[in-house]
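# Descriptive analysis of the structure
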Amino acid sequence: MTTLAPPPAPVHEEGSRHRAEPYSDGGLASRAKRLFTGAPEDPRWTRPALWAILVLATALYAWNLTSITGNTFYNAAVYSGTKSWKAFFFGALDAGSFITVDKPPFALWVMGLSARAFGYGTWQLMLPMVAMGTGSVALVHRLVKRDFGPVAATLSALVLALTPITVAITRDTNPDPVLVFLMLLGAAALLKAVRTGRLMPLVWSGVAIGFAFNTKMMQAYVVLPAFFLVYLWATDASLGKRIRNLAAGTAALIVSSAWWMVVVDLIPASSRPYIGGSTDNTVWDLVIGYNGFGRVFGASSSVGSHGNGASFGGEAGLYRMFNDVMGGQISWLIPFAAIALAAGLVLRGRAPRTDAKRAALMLWGGWFVLHYLTFALAEGTFHPYYVTAMAPGIAALAGAGAVTLYGAFRERAAAKWSWVLPTSIVVSTGWAVVLLQRVSGSGALYAVTGAVVAVAGAASVIGLLVARFTKRQRLMGVAALAAVVALLAGPGAYSASAATSGTNGTNPTAGPDTGGGMGGGQRPGGTSGTPGAGSGEAPSARGDGQASDGTSSSSSGGDSPANGDNSTESGPTESNTAGSSTAELGGTESSGASSGAAEAGATESDAFGTGPGGGMGGDTQVSSAMIAYLKDKQDGAAWLVAVATDQTASSIILASGEPVISMGGWSGSDDAMTLAKLKTLVKTGRLHYIVISDSGRGSANSEISTWVKANGTAVSDYSGLYRLAASDVG
């Protein structure tokens, strides 16, 4: 069996490939120069190519920044954290810290610190997300370059930058870009620990994954089996030392993961917010239920009751990544990555146990396979944008595999492997043509791209075969470039679409609407991102679910809340002049009621919960006129109003700038509000208004509804709105 290394770069005249004067010291000036020009041993094109890719990634993530609305749910929590350090620490939805969001707070802290430093607004929230996305591209380049060289690194960075779902989610305020960046930091530290055998890099790897856990809980642990296997197998140290170091790294992982959860769960429930998404008001339940086994096993999970089974990416199964919803988001290079992984591992089969290239292939292959199986087979709530976590594995395998397979194709001693590269190009190009054919009616962009892919793919394969048999190296290089065009034109078109069109803050996807998956791939225009003329003391924060022309835009539901806010640095106020627009706050797809009906009052069609799986609050609508009324009548209360769900509360928070209580969390089924708690809030003057309806479910919710109707004063102008006074509490 032949063990191959990447082909050496062609040697040109002296000074053309390497820098003439190596850096003689490691001083600050030398390091700064190296940052922009690269290492002395690198080809001259390496660092400029990297900077070009980073600029491209930044442009895709930040293009037309003011049109980015983000996720109202997380936007509101960030805003609340700028008003209260207590809300900041707990990740509370409201500044009064009544209930938390259904995720740990690290991503909120990142955005919150930016908002505290620069003021609350669109670019302040997006700044760390764009930085994390671009940083992930740079990390992948660095990690792949060390083991497979600058060509592989450049290709990997470009693949990640052009991954459609990664572009879509990085243009949002969901926590996933932070999660991916932290996981890559963990991978970088792990590979350093494998190379050196030292303990501290492994400890830092555990710390990084622990912070990733405090970003999105159990999803951060998907890569851990690959991390453990690679370290135990490939580290140049005795087995005993490997086991001891791994135990220490695991301890660091546990401490870094659990500290926030332990602190929060040790605080008496009366002194902290209710833990949104949990069944028993503990973070631990959130970990193993809603954000753990509930995601994998859905409603059938015996742990936690909020796992649900709502999939916005199509049916669970091994084919999920290739269906109409998911295919254009992530699957473009999955065939190429899978072939490259298998071939690469076989080609490195006789290498020593500590072989760095095989260790890297094991890591990136494990990253890819573990994420693929987890997301493909998950029965619980699933959004297309989750798979951005799989993108680094695909990107690294694509770059490393391209160089490895190209080397096998060129080296005549490995003739039996010469068919692998052309085959992988044919399969991947063919799949790209299928994906583009699915959306060929969505515009000339995709039809033209499909033609480019087909022509470039055919030219590449023919050119490679002709070059091999005629020994024309220049033709082989041109054919390889044609393959890059064929494989990246499709995802490039989707990514350009994501960067230049409106994004659904709840369920962001790239490319045209594929019309499937319970909302997955449904790409409503989202909010316009153009601030309205607010009637408050600061520029407005649009949370009204309407485009700039006033037309309604639906939003896809899910575990993330409804479509978003686009506010200015001065902070959110009313979304438009009182009574002039609706706030379409429901989490399910709906055309909504007429604006006239919405202006007549605030309606919560499913005020205290929904049917099985969570109905996301129904067509909940609150008018700006009602918000203005509530602000006028707040009378010093800590909370402006109590409503059923997070979606409604978050939109009112952003429209009013005031704390709002979400009584039932995201799905409306959290037991955050009890009758006793409500009476205490009313009696102490901290809450005067509540919105209820007849459709509440559950004994506690029914009890609250009955008591409010019996003792509160209905506000005739706004359906479902009740005034509660201390005298109403017996």
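Going by the structure above, here's the rest.
Residues numbered from 1 in each chain as written. Predicted model: local features only at pLDDT ≥ 70, side-chain atom pairs only at ≥ 80, totals over all residues. Heavy atoms only, no water.

## Notes on the overall build of the chain
For the record, the criterion: Counting from the N terminus, the helices are the DSSP runs of H or I reaching at least four residues and the strands are the DSSP runs of E reaching at least two. Summary of the burial criterion: residues with accessible area below 20% of their type's maximum are buried, those above 50% are exposed, and those between are partly exposed, where the area comes from a 1.4 Å probe applied to protein chains only. Should any heavy atoms of two residues lie within 4.5 Å, those residues are counted as being in contact. Surface accessibility in these figures is a Shrake-Rupley result with a 1.4 Å probe; residues are shielded only by whichever protein chains are displayed.
Each helix and strand counted, the chain has 24 helices and seven strands in total. When burial is assessed residue by residue, the chain has 62% of its 730 residues classed as buried. When contacts within the chain are restricted to residue pairs at least 6 apart in sequence, long-range pairs at least 24 apart make up 72% of them. Put simply, the chain shows about 25,900 Å² of open surface, and 63% of that area lies on carbon and sulfur atoms.

## Brief notes about unusual backbone geometry
Phi is positive for N64, which is not a glycine, with a value near 50 degrees. Here N64 is to be found in the loop between helix 2 (46-62) and helix 3 (72-83).

## Considering the packing of aromatic side chains
Just so we agree on the cut-off: Note on aromatic contacts: the rings of Phe and Tyr and the six-membered ring of Trp form a pair at centre separations within 6.5 Å, being stacked when their planes are under 30 degrees apart, edge-to-face when over 60 apart, and tilted otherwise.
Tallied over the entire structure, the rule returns 25 aromatic pairs. Aromatic pair Y79 and Y120: ring centres 5.2 Å apart, planes at 75 degrees, arrangement edge-to-face. In this pair, Y79 sits in helix 3 while Y120 sits in the loop between helix 5 (106-118) and helix 6 (122-161), placing the two residues 41 residues apart along the sequence. The residues Y79 and Y120 share a single accessibility class, namely buried. Both rings, one in F106 and one in W109, keep their centres 6.3 Å apart while their planes meet at 70 degrees; by these two values the pair is edge-to-face.

## Some points on the side chain of T46
You can see T46 is positioned in helix 2. Judged by relative accessible area, which is 1%, T46 ranks as buried. Residues contacting T46, with those up to four places away along its chain left out, are H141, K145 and P150.

## Thoughts on the nonpolar core
Worth spelling out the cut-off: The definition of a nonpolar core used throughout is a set of buried Ala, Val, Leu, Ile, Met, Phe, Trp, Tyr and Cys residues joined through side-chain atoms within 4.5 Å.
Core analysis: the biggest nonpolar cluster contains 195 residues, and M321, L678 and I690 have the highest contact counts within it. Take this core: its biggest share by element is 18 residues, from helix 6. Excluding anything up to four places from it in sequence, M321 contacts M326, G327, I330, S331, I334, Y372, F375, A376, F382, V387 and M390.

## What to know about the side chain of T173
Formally: Under the rule applied, a polar contact is a pair of N or O atoms within 3.5 Å (in protein, one hydrogen donor and one hydrogen acceptor; residues adjacent in sequence only if both atoms are side-chain atoms).
Its place among the elements puts T173 in the loop between helix 7 (164-170) and helix 8 (176-196). Here N71 takes part through its backbone nitrogen, which lies 2.7 Å from a polar atom of the side chain of T173. Looking at T173, its side chain comes within polar contact range of the side chain of N75, at 2.8 Å. Other than its neighbours up to four places away in sequence, T173 contacts G70, N71, Y74, N75, M111, L125, M126 and M129.

## Overview of a nonpolar patch on the surface
Keep this limit in mind: Within this analysis, patches are made of residues with over 30% relative accessible area and no salt bridge. Like charges are joined at 9 Å or less; nonpolar side chains (Val, Leu, Ile, Met, Phe, Trp, Tyr) at 5 Å or less. Every case where a carboxyl oxygen of Asp or Glu lies within 4 Å of a side-chain nitrogen of Lys or Arg is listed as a salt bridge.
A surface patch of nonpolar side chains, about 330 Å² in accessible area, is lined by L318, V369, L373 and L377. Position of L377 relative to the elements: it lies in helix 15 (residues 356-377).

## Comments concerning the pattern of salt bridges
Evaluated as defined, the whole model comprises six salt bridges. In this structure, the salt-bridge partner of D635 is R723, at a minimum N-O distance of 3.5 Å. Taken together, the residues D635 in the loop between helix 21 (624-632) and strand 3 (642-643) and R723 in strand 7 (residues 721-723) connect sequence positions 88 residues apart.

## Section: helix 12 (residues 283-297)
When we look at burial in helix 12, the residues that qualify are V283, D285, L286, V287, G289, Y290, N291, G292, G294 and R295. For helix 12, the secondary structure elements touched by its buried residues are helix 9 (199-216) and helix 11 (239-266).

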